[in-house]
Amino acid sequence: MLVMGFMSGTSLDGVDVALVETDGERIEGFGPSAMMAFSSAECAAIECATADALAWNGYGDAPASFAAAARVIESAHIRAGRDVIAQAGRAPDLIGFHGQTLLHRPERQITVQIGDPQVIADALGASVVAQMRQDDLMAGGQGAPLVPAYHAALAERIGLGGPVAFLNVGGVANLTWIGADGKLVAFDTGPGNGLIDQVVQARGAGRYDDGGRFSAAGTVDAGVLADLLSHPHFRGDGPKSLDRYDFPLEWAAARSLEDAAATLTAFTAAAVALTARALPSPPKVWIVCGGGSHNPTLMQALRDLLGDCRTADHVGLRGDFIEAEAMAFLAARSLRGLPLTFPGTTGVPRPLTGGTIWHPTKIIELV
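These numbers come from a predicted model, not from an experiment.

## Some thoughts on the pairing of strand β8 (residues 164-169)
Next up, step 1: Buried residues dominate β8, accounting for six of its six residues.
Next up, step 2: Residues V164, F166 and N168 of β8 are buried on one face, and the alternating residues A165, L167 and V169, pointing to the opposite face, are buried as well.
Next up, step 3: Sheet topology note: the β8/strand β9 (residues 172-178) ladder contains six bridges and is antiparallel. Looking at the pairing, A165 lines up with W177 of β9.
Next up, step 4: The loop that links β8 with its antiparallel partner β9 comprises two residues.
Next up, step 5: Here β8 runs beside strand β11 (residues 286-289); their pairing, made up of four bridges, is parallel. Among the inter-strand pairings, A165 is bridged to a residue of β11, identified as W286.

## Some words on the side chain of R333
Next up, step 1: Its place among the elements puts R333 in helix α11 (residues 322-335).
Next up, step 2: One buried charged residue, R333, remains without a salt bridge, the closest side chain of opposite sign being E25 at 5.7 Å.
Next up, step 3: From its side chain, R333 meets the backbone oxygen of P339 in a polar contact 2.7 Å long.
Next up, step 4: When neighbours within four sequence positions are excluded, R333 is seen to be in contact with G24, E25, A149, L338, P339, L340, F342 and T353.

Rules of the game
Every chain is numbered on its own, with residues counted from 1 as its sequence reads. Totals for whole chains, interfaces and linings use every residue, but because this is a predicted model, local features are given only for residues with pLDDT of at least 70 and side-chain atom pairs only at 80 or more, for both listing and counting. As a convention, hydrogens and water are excluded, and side-chain values are obtained from all of the structure's heavy atoms. The rule is simple: take the accessible area with a 1.4 Å probe, protein chains only, and divide by the maximum for that residue type; under 20% is buried, over 50% is exposed, in between is partly exposed. The helix count covers DSSP runs of H or I at least four residues long, the strand count covers runs of E at least two residues long, and both are numbered beginning at the N terminus. Whether two strands pair comes down to DSSP finding at least two bridges between them. Neither His nor the chain termini are counted; the positive set is Lys and Arg, and the negative set is Asp and Glu. A pairing counts as a salt bridge when a side-chain nitrogen of Lys or Arg comes within 4 Å of a carboxyl oxygen of Asp or Glu. Within 3.5 Å is the distance limit for a polar contact, defined as a pair of N or O atoms, with the added protein rule that one can donate a hydrogen and the other accept it, and that residues adjacent in sequence qualify only through two side-chain atoms. Contacts: residue pairs with any heavy atoms within 4.5 Å of one another.

Listed below in structure tokens is the structure:
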């Protein structure tokens, strides 16, 4: 099938969309991809909903801001999807839609992603698989990370024998370890770019640490770094997941932008190295994808701690679109009833499929 996948991450840079030819087990080919950036007004609507979600925390009626933000998410996804459909010259056979995460509280079986799959199905004229975390949560899993099955398929496609690890550095960072026998182990390692982005944005210095220039010019605060690494997330083994807002940032106000960025960059790398101690064996190579792979300061920090770290683009993959591609791959697996999550990736008791499908009911136009 030709399957379209979407991802809009907590970094709020925009919507990634990619086409993949797949049966949900193997990757036969890649179609066009694109990133549709959010406007400043769209970012503001999503940021408002995110702030309201943190205050709400899953208790009582959902905030009214969720509906406005959902319309933003739907419109941006539709624009991005139509762009890629035009490039491909045909509609996809299926769509994998993740939506925008506002809150993730796995200990209470709560995960909130906004955006109506029916609106996407009607506008793009293809069936949509969404809500791929919920079944895992209800069965006692963490609901994250979702991407490991796709990482394993990528490793097979490019001929990487295990043990190998994929490290996705988005708002939160997560890793997938793939053993020589195909065994999967995965978990959120800790913060990715999210905390750095928040500090940069709070200082009016842009949306992210472009090229790692702020962190490269700063000094790591060893005391703050030690405090951050004492967070309960880093205690104990086994599958675990995070929300990007699970770590405090109050300390950053008393530091320069450069020192705060340097400390948070060191925290991201140290968190990966610390949690990686729980892996069955050290990876021979780390494949780094997501926005963090474009930060030379972070990449060097990872190499210093982990050894052989290569960007996904370096090994011939589309590093910025792996999560969007993964949503396409998982949609195909869901349609076939194949497992999306596993005991070693989310802590779910058994390999578990998931997702709900929405079929087009009408064709609508959104602007």
